[in-house]
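Read off the chains here:
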Amino acid sequence: MQPKLKITAIKPYPVWVGTRNQLIVKVETDQGVYGWGESGLSSREKAVVGAIEHYRDFLIGQDAMQIGRIWQEMYRSQYFEGGRVLQAAISAIDIALHDIKGKALGVPIYELLGGKQRDLIPTFATTRSEASSAQVVEQVVELRELGWQAIRLIPAGQRSDNVYEPRASIAETAKWTVKCREAVADEVVLGVDFHHRLSVAEAGSYCQKMPRGTLDFLEEPIRDETPGAYEALRKLTDIPFAIGEEFSSKWQFLPFIERDIAQFNRIDVCNVGGLTEAMKVAGWTEAHYIDMMPHNPLGPICTAATVHFAAAVPNFAWLETRASPGELYHGFDNPELFPGLLTLEGAYYRVSGRPGLGVDVNEQLVAKQSYKQWEAPHLVRRDGSVTNW
């Protein structure tokens, strides 16, 4: 008989860690078992806190073990369902409930998801964009020598805080990409992330500058609102697409899976609706022979939840890690704030056998941390028009 644990409190903590805010959420129960989750809607944490407070009003008193039912009630019990803000709130609560259930049953979360299918989780690392062409090649070689078998390039100008000119970025990045492939031959998987900053024509132009076999994946070249735009881009290139880090439900994944647009699904468990929704997307994706390649730009709670997900699904490729030449975690992973956090073993995360997430939070220390207003750069082109960050 499963223990019944009544939800007594839900506490959102938007706190500054490293160079960004993290919104971590604690769910408490009447038997002293608690769980932690994380929201993925970076830079809009206050909006998600408001949504969590709405959900808290009817979740207090419910059985924390009934994860699937609670997910349905959070999603369905409103007229304006879904959307990135609400789904980010649902994600954090859902992950925390999985943490609670794992602890209550004395098992790691992956056991709640069908069991462990791998012991090690391969990751991909990323180059720095503020480098010259020669330096980018050096970075790729360095990452390969450190053990990474999958490496992502960040295009020229990507970290600008004012002007981003797509055609200029394409021209420079194309040179990097070809030289990087020459430097590592076929020894590593090589991809590039345009952070959905391009149009179909611009993305097509970049791809057509690539000798066949240069790239193994093209990540988020254009925005996702119009699946037909990706289908138009497919006619211009045969490079596999890695899409989906901003998707906030299985329904948003639907056209990209059913119309075989994506080849790698960049699911984010802290945005899509938590582990409950992520597992549904993974099964659906498996039926189309698409691999999961999770988005993981946040903190240790997100990493731990995603590692459990990655351990449990058969169709898994690589997990994003913030590792780049000279810097592993960029200050996001603070062992004082997050006791038991996962750390890389070379290019891998080892799957933890600890109950629940396997990561805790120093709540007293977190409560002393402040929230800092952070706004993503508002980019413009040289003519003054607004463009995508």
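Residues numbered from 1 in each chain as written. Predicted model: local features only at pLDDT ≥ 70, side-chain atom pairs only at ≥ 80, totals over all residues. Heavy atoms only, no water.

## Quick look at the sheet that holds strand β3 (residues 34–39)
To keep it simple, the criterion reads: When DSSP finds at least two bridges between two strands, those strands are taken to pair. Think of it this way: any DSSP run of H or I at least four residues long counts as a helix, any run of E at least two long counts as a strand, and we number them from the N terminus. Note on geometry: axes are lines fitted to C-alpha atoms, helical ones only across the stretch in contact, with angles between N-to-C directions running from 0 to 180 degrees. Between two residues, a contact is recorded if the distance between any of their heavy atoms is within 4.5 Å.
The three strands lie next to each other as β1-β2-β3, forming an open sheet whose pairing is antiparallel. For this open sheet the edge positions go to β1 (7–17) and β3, each flanked by a neighbour on one side alone. Each adjacent strand pair in this sheet contributes to an overall mean axis angle of 20°, direction not counted. Packed on one face of the sheet, helix α1 (residues 45–59) meets β1, β2 (20–29) and β3 and runs near 175° to β1.

## Quick notes on the pairing of strand β5 (residues 150–153)
Going by this rule: Relative accessibility under 20% of the residue-type maximum defines a buried residue, over 50% an exposed one, and the middle range a partly exposed one, all with a 1.4 Å probe and only protein chains included.
Where burial is concerned, the two faces of β5 agree: the one with A150 and R152 and the one with I151 and L153 are both buried. Judged from the two bridges that link them, strand β4 (residues 120–126) and β5 form a sheet pairing that is parallel. Counted as the bridge partner of T126 is R152 from β5. Across four bridges, β5 lies against strand β6 (residues 189–193) in parallel orientation.

## A few points about the pattern of salt bridges
Note that side chains of opposite charge can pair when their charged atoms are close. The condition is simple: Note on definitions: salt bridges are taken to be side-chain nitrogens of Lys or Arg within 4 Å of carboxyl oxygens of Asp or Glu.
Enumeration according to the criterion identifies 24 salt bridges in this entry. Among the ionic pairs, R152 bridges to D193, the shortest N-O distance being 3.4 Å. A residue pair is termed long-range when its members are at least 10 positions apart, and R152 in strand β5 and D193 in strand β6 qualify at 41 residues. When sorted by exposure, R152 lands in the same class as D193, which is buried. Across the pair K250 and E277 runs a salt bridge, and its minimum N-O distance is 2.7 Å. With K250 in helix α9 (residues 250–258) and E277 in helix α10 (residues 274–286), this pair connects stretches of sequence that are 27 residues apart. Comparing K250 with E277 shows no difference in burial state: the two are buried. Each of R152, D193, E219, E245, R266 and E320 takes part in salt bridges that share partners, so that together they form one network.

## Points about unusual backbone geometry
For H195, which is not a glycine, the phi torsion comes out positive at approximately 55°. Inspection of the secondary structure puts H195 in the loop between β6 and α7 (200–208).

## Details of the environment of H98
With respect to the helices and strands, H98 occurs in helix α3 (residues 84–105). Between the C-alpha atoms of H98 and P108, which are 10 residues apart in sequence, the distance is 9.2 Å.

## A short note on the packing of aromatic side chains
The condition is simple: The rule is short: rings of Phe, Tyr and Trp, with Trp giving its six-membered ring, pair when the centres are within 6.5 Å, and they are stacked under 30 degrees, edge-to-face over 60, tilted in between. Should the NZ of a Lys or the CZ of an Arg lie within 6 Å of a ring centre and within 35 degrees of the ring normal, that charge is described as sitting over the ring.
The final tally for this structure, using the stated rule, is 15 aromatic pairs. Seen from their ring centres, Y230 and F256 are 5.8 Å apart, and the 80° between their planes marks the pair as edge-to-face. One end of the pair, Y230, is in helix α8 (residues 227–234); the other, F256, is in helix α9, and 26 residues separate them in sequence. Residue class for Y230 comes out buried when judged on its relative accessible area of 0%. On the accessibility criterion, F256 (2% relative accessible area) is buried. Through a chain of ring-to-ring contacts, the aromatic side chains of Y230, F241, F247, F253 and F256 assemble into a single cluster. The lysine or arginine in question, K103, covers the ring of Y34, its NZ or CZ lying 4.1 Å from the ring centre.

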